[in-house]
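# Structural features, examined
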Amino acid sequence: MRVATELRRLREAADLNARQAAALLGVSPAQITHIESGLAGVSEKRLRRLASHYSCTDDEFIDALVAMATDRTRGWWEEYRGLLPTPFLDLSELDHHASFRREVAILFVPGLLQTEGYARAVFSSRVPELTPEEIELRVRHRLNRQRMTIPYKVVIHEAALRIRVGDRSDSRAQLARLVELSQRDHITLRVIPFDLDGFSRASSTMTYVGGQLPKLDTVVRDLPHGSVFIDSDAQLSAYRTRFLKVEAVALEPEPSRDFIHKLAKEL
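Remember, it's a predicted structure, so these values are computed and weren't measured experimentally. (Residues numbered from 1 in each chain as written. Predicted model: local features only at pLDDT ≥ 70, side-chain atom pairs only at ≥ 80, totals over all residues. Heavy atoms only, no water.)

### Considerations on the overall build of the protein chain
In terms of regular secondary structure, the protein chain is built from 12 helices and 6 strands. By its C-alpha atoms, the protein chain is 70 × 40 × 30 Å across when sized along the principal axes. Going through the 267 residues of the protein chain one by one, you find that 46% of them count as buried. Accessible surface, the protein chain: about 14000 Å² in total, of which carbon and sulfur atoms supply 51%. (Helix = DSSP H or I, 4+ residues; strand = E, 2+ residues; numbered from the N terminus. Buried < 20%, exposed > 50% of the residue type's maximum accessible area, 1.4 Å probe, protein only. Areas by Shrake-Rupley, 256 points an atom, 1.4 Å probe, with all protein chains shown as cover.)

Here's what the structure looks like:
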């Protein structure tokens, strides 16, 4: 889908319509439409020809698109195809291509840091209710996603640490898990306490996923109807700035770890 989006943007920047682009390749306009809708793949040869016709001279960007378009990796997430909604698979594939990850969490502990019990409690609270089989599939998928080892910076608001999505034992186990994970080399965890004066930038969650190049970064927003992927340059720039501002006022990693440990003791 991201390759499709970028090819459409290149075509529009070249001020060509789908019919004109199709003529350059010697294919039907419908085939260009299918490629730009993510309904059909595109070969390296055709992708490079299109980029040339669109006067794109950014070789690094073109190479990155080719790598994404021709990646034939059968990821672990394919075992869930037909069993889980497509956005779950999209998230897994996004993880696969990611170079780093940044996240701000307000009401829930991020999925990549959740314990099995916490994840099960989150999915069990969904409306409409999920069947036990659907819950187990989602929990298993979420735990599989946690195998990522790319650099991961996460800022968690105190609200997410205090809200009990399960029972007291689930919360205690989740906080202990956060302390453990915060000591891993690829994870940098910071906390925003309630008593931070005048801070409103943490009013919404965000997940910022780094691509092979900055222009291939993606922001994921979770909404009631599902995940939304954001990739426009202006919005990416705004979210990068937002994360830096949130990160700058949050507690440093060591005080954050102490803060979480203190909350766990209160339980």
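### A closer look at helix α2 (residues 18–25)
Within α2, burial applies to Ala18, Ala21, Ala22 and Leu25. Projected down its long axis, α2 carries its buried residues within an arc of 100 degrees, all on one side. Exposed and facing more than 90 degrees away from the buried side of α2 are Arg19 and Ala23. The inward-facing, buried residues of α2 abut α1 (2–13), α3 (29–36) and α4 (44–53). Here α2 starts with a cap whose side-chain oxygen sits 3.1 Å from the backbone nitrogen of arginine 19, and that cap is asparagine 17. Positive backbone phi, at 75 degrees, marks glycine 26, one or two positions downstream of α2. (Arc of directions from axis to C-beta. Contact = heavy atoms within 4.5 Å. Polar contact = N/O pair within 3.5 Å; in protein donor to acceptor, adjacent residues only side chain to side chain.)

### Some points on the pattern of salt bridges
Side-chain pairs of opposite charge can arise whenever the charged atoms involved come near each other. Summed over the entire model, instances satisfying the criterion amount to 25 salt bridges. Across the salt bridge formed by glutamate 36 and arginine 11, the nearest N and O atoms sit 2.7 Å from each other. A residue pair is termed long-range when its members are at least 10 positions apart, and glutamate 36 in helix α3 and arginine 11 in helix α1 qualify at 25 residues. The buried category is assigned to arginine 11, whose relative accessible area is 10%. Two residues, glutamate 180 and arginine 177, come together in a salt bridge whose shortest N-O distance is 3.0 Å. Here glutamate 180 and its partner arginine 177 are both found in helix α10 (residues 168–181), 3 residues apart, which amounts to about one turn of the helix. (Salt bridge = Lys/Arg side-chain N within 4 Å of Asp/Glu carboxyl O.)

### Here we look at the nonpolar core
Ranked by size, the top nonpolar core spans 30 residues in total, and within it Leu113, Ile156, Leu161, Leu175, Leu178, Leu189 and Ile260 carry the most contacts. Within the residue set of this core, elements represented by two or more residues are α6 (86–97), α7 (116–124), β2 (152–157), α9 (158–162), α10, β3 (187–192) and α12 (253–266). Setting aside anything within four residues of it in sequence, one finds leucine 175 in contact with Leu161, Ile260, Leu263, Ala264 and Leu267. With 25 residues, the next largest nonpolar core counts Ala21, Leu50, Met68 and Leu216 among its residues. (Core = buried A, V, L, I, M, F, W, Y, C linked by side-chain atoms within 4.5 Å.)

### Quick look at unusual backbone geometry
The linkage connecting valine 127 with the following residue, proline 128, adopts the cis geometry, with an omega of -5 degrees. As for its placement among the helices and strands, proline 128 is situated in the loop between α7 and α8 (132–145). Even without glycine at this site, serine 55 takes up a positive phi of about 60 degrees. With respect to the helices and strands, the residue serine 55 is situated in the loop between α4 and α5 (59–69).

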